[in-house]
Amino acid sequence: TDMANAAIGSDIVTNGGFDADNSWTKSGTWTIGSGVASLDGSQPSWEALQNNADGASRDFDINTAHRVKYTYTRSAGAVQYKDAGGQITVHSSGTGGSEDLVHVSGGTYWYFTANSTFVGTLDNIEIYPINGYSGIMTNMALTDYTGDTI
């Protein structure tokens, strides 16, 4: 497999649609209900939300790429996606969705966190590993590089 043939793997998130109040470790005042995870702004500090099932966190493999997708509503404060590799996507205005490509270079965990003034929801969380060896050329001579496109 090469960059032109990278395949998207299966979603690693359990209950990313928040259909039930399970499969998530909630710190502080996060609640799950009505198909969303939410905070109401009464939390005393930053609050984390991490996916797990049967008590095991849904970790990334080191040196892999993933597509991270989710939707959020926000009327105050900030919510962010974070991972141990240093990826941070902060949402401090508006409502919408996010789709990011992340490369996990160190550490394996991922989670969402919101500040003490965040009022809003998270929903439709999906994380897909990108399989193959994306970004590595195979079977290509250096002299042939100029004319090729993906």
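Residue positions are counted from 1 within each chain, in the order its sequence is given. Confidence filtering applies because this is a predicted model: local features only for residues at pLDDT of at least 70, side-chain atom pairs given and counted only at 80 or more, and all residues used for totals across whole chains, interfaces and linings. Side-chain measures here rest on the full set of heavy atoms in the structure, leaving out hydrogens and waters.

Let's talk about the overall build of the protein
Here a helix means four or more residues in a row that DSSP labels H or I, a strand means two or more in a row labelled E, and each is numbered from the N terminus. Across its full length, the protein carries 0 helices and 12 strands. Any residue under 20% of the maximum accessible area for its type is buried, any over 50% is exposed, and the rest in between are partly exposed; the area is computed with a 1.4 Å probe on protein chains only. In the protein, which comprises 150 residues, the share counted as buried stands at 36%.

Considering the pattern of salt bridges
Any carboxyl oxygen of Asp or Glu that lies within 4 Å of a side-chain nitrogen of Lys or Arg is treated as forming a salt bridge with it. Counted by the stated rule, this structure contains 3 salt bridges. D21 is the salt-bridge partner of K26, the closest N and O atoms lying 2.6 Å from each other. Residue class for K26 comes out partly exposed when judged on its relative accessible area of 29%. Ionic pairing is found between E126 and K69, a salt bridge with its closest N-O pair at 3.9 Å. Of this pair, E126 sits in strand β12 (residues 119-131) while K69 sits in strand β7 (residues 64-76), and the two are 57 residues apart along the sequence. With a relative accessible area of 27%, K69 lands in the partly exposed category.

Some remarks on the packing of aromatic side chains
For Phe, Tyr and Trp, rings pair up if their centres lie within 6.5 Å, where Trp contributes its six-membered ring, and each pair is then called stacked (planes under 30 degrees apart), edge-to-face (over 60) or tilted (otherwise). In total, this model carries 6 aromatic pairs according to the counting rule given. A centroid spacing of 4.9 Å and a plane angle of 80° characterise the contact between Y70 and F112, whose relative ring orientation is edge-to-face. Of this pair, Y70 sits in strand β7 while F112 sits in strand β11 (residues 110-114); the two residues are 42 residues apart in sequence, bridging distant segments of the chain. What makes Y70 buried here is its relative accessible area of 2%. On the accessibility criterion, F112 (0% relative accessible area) is buried. One aromatic cluster is present, formed by F18, W24, Y70, Y81, W110 and F112 through successive ring pairs.

Here's the deal with unusual backbone geometry
Residues other than glycine seldom take positive phi values, yet S23 does so here, at roughly 70°. Mapped onto the fold, S23 is located in the loop between β1 (7-8) and β2 (24-26). Of note in this structure, S34 is not a glycine but carries a positive phi near 55°. Inspection of the secondary structure puts S34 in the loop between β3 (31-33) and β4 (36-40).

Read these as geometric descriptors, not functional statements.
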